Amino acid sequence: MKHSIRSISDAAGVSTVGNVAYLSNRPLQPSQLGKLAKWLPKEAWVKEALGRMASSDLSNCGWRAGWLTLEGLLQSMKVKNRIGYTDPSSPFQNIMPESEPDWLKLLPRDAQRYIRNSFAVTEGIDPLAIILQFPYMGFGYIIPDDGMAADAAQVFNLHRLNQVKQLSFLHDPVGKATDRSIASSMFEHTRYCHSMDVHAIANLVAHNIGLEGVQMNTLNTAAETHDALTPAGGDSVKLVDLQAFDEDLHYPELMVGNRWEEYQQKYQIDPALLVETIGGNGLLGRILDISDKSSYLARDTQAYLGTKNPPKQFVDTAYSAIASIINEDPFVCAVWENTREHKGSLVFNDPDRMARFLTLRALMFRELYYNPYSRFFEYLVGKGVVKYLYTKKLVTREDLLREGDWWIERKIDETLGTQSVLRKFHNLQNARIEEHLDHAMAMKRLIEFDDDEAVIVILDDFNPSTSPSTKKFMVRSRGNVSTFHDACPDAAGEIERIMKFPKIVRLYFFIADDLEIPRGSRKKIKEIIRSVM
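Quick summary incoming for the structure in this document. What you see is a predicted model; the values in this text were computed from it and never measured. (Residues numbered from 1 in each chain as written. Predicted model: local features only at pLDDT ≥ 70, side-chain atom pairs only at ≥ 80, totals over all residues. Heavy atoms only, no water.)

## Let's talk about the packing of helix 6 (residues 148-155) against helix 8 (residues 213-225)
Put simply, helix 6 and helix 8 touch, their axes get as near as 10 Å, and they point 50° apart. Comparing their axes, helix 8 and helix 6 come out oblique. For the element pair helix 6 and helix 8, the recorded crossing hand is right-handed. On the side of helix 6, the interface is formed by Met-148, Ala-149, Ala-152 and Ala-153, while helix 8 contributes Asn-217, Asn-220, Thr-221, Glu-224 and Thr-225. When the residues that make up the contact of helix 6 with helix 8 are grouped by side-chain class, the tally is four nonpolar, four polar and one charged. (Axes fitted to C-alpha atoms, helices over the stretch in contact; angles between N-to-C directions. Helix = DSSP H or I, 4+ residues; strand = E, 2+ residues; numbered from the N terminus. Parallel < 35°, antiparallel > 145°, perpendicular 65-115°, else oblique. Left-handed = near helix turned anticlockwise from the far one by under 90°. Contact = heavy atoms within 4.5 Å. Nonpolar A, V, L, I, M, F, W, Y, C, P; charged D, E, K, R; others polar.)

## Brief notes about the packing of aromatic side chains
For the structure shown, the criterion picks out 24 aromatic pairs. Above the ring of Phe-509, the side-chain terminus of Arg-432 is found at 3.9 Å from the ring centroid. (Phe/Tyr/Trp six-rings, centres within 6.5 Å; stacked < 30°, edge-to-face > 60°. Lys NZ or Arg CZ within 6 Å of the ring centre and 35° of its normal.)

## Concerning the pattern of salt bridges
Tallied over the full model, the rule gives 31 salt bridges. Notably, a salt bridge pairs Arg-6 with Asp-10, separated by 3.3 Å at the nearest N-O pair. Taken together, the positions of Arg-6 and Asp-10, both in helix 1 (residues 5-10) and four residues apart, correspond to about one turn of that helix. Arg-519 is the partner of Asp-513 in a salt bridge, and the nearest nitrogen-oxygen pair spans 3.9 Å. Overall, Asp-513 belongs to the partly exposed group, its relative accessible area being 44%. Of the residues examined, Arg-519 reaches a relative accessible area of 60% and is grouped as exposed. Each of Arg-191, Asp-227, Asp-235, Lys-238 and Glu-247 takes part in salt bridges that share partners, so that together they form one network. (Salt bridge = Lys/Arg side-chain N within 4 Å of Asp/Glu carboxyl O. Buried < 20%, exposed > 50% of the residue type's maximum accessible area, 1.4 Å probe, protein only.)

Nothing here speaks to function; it is geometry throughout.
And the structure:
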């Protein structure tokens, strides 16, 4: 059976695919609970199932009586599970039909779903990861702490990624409009969560197009471990040495040792296919690519908007443009349900959703990822202090691949003479950016501030080169398969326009007082930053 948002949402319980359990995001409505409140007390089996909890008088609770009764039945199910507990032979044994009480099937379908999902989340599955709602994807999921995903987390040391923020030292854009903050707030979702998200998406795509065995396991391994070589400080720190921290290039470094060999043999992983997939090649590589892109876009968009359901009216035009896409299509990132295999390629059957998805991605690059007003601390870290520490061999590649964000943040504080400089809520009202046409002009301007210890200046000559992906993804439109660019030229042209970034050299100006940098450290800091320009 192929899965979709609707099939997962309508299921009478948890939908299991491989090593992942998918959760419906459909809540019980008060009207449904009201009907249950009237119906359940009339059923003789309810009193027997509730036991001592049946003595409570819920007659004055209205629709809440329906919810309270369901919670009582859920507790009864948990008690039965604890009394009859045995070590499960599979991670999903306790949520299988044969493990359920007979009365569960007597409930209406929506009530069955509520109890089964609640039981799976609270006691039915020992979790490696629980995500109740994956934004803009149409499901939640549980990955059990037993099986391939859990083994991969150990072999590839993925738990370290719990200490690495997904968006590194990017922060909420410093306001240039009346409705955006003038202070910086970083985003806290992690690379570990992203890894689990990508696994959950890739697993669904693989199932829907009929992959199994070696291909399925190899793909899921790639999905879960593709960011295993992300350094402490994430993408911000990669700036210090792009080749050394190229995760795809160095991935084979992970495929060594007894633990890897045992894992590879146990799950029949194809090493050559795994490397090809990590590199984005072939059918599996395309699945990994769309799983990765849709995963980070979903999480980052919600973080940027600050809510899953953004207001429909907002002064800031950039915010409104992104929010309007979410309001138009609450499942805009769920391109997973539109995937099909066609002659060895991955094809998407909904060009309209792909247009919204790629437009959202382009806007996020413009308004967050490559927005200079989101990158003050990224350049303070990656173009400044960490580059100095790395160049002087005070931190090494091995250190950065072993540790988490806390470690590099501590090193930065030790160097700057500050306390938690990257964890404080800094007012950046006085920070500013100047744009110059070339490097020489920017350096000439920077030198003017060499003797001014109150101002710290960092030069940015980074030229964005991310592809809009309009020519990468294949879609089926009017019965024909072609690139999105060819199938939807108008939409593709607009997306490509959004993704065009000028080649400009920028100077970032920080006020030392705003960063609470001690006066005795300011001259040293300026010397450090100048030494790596």
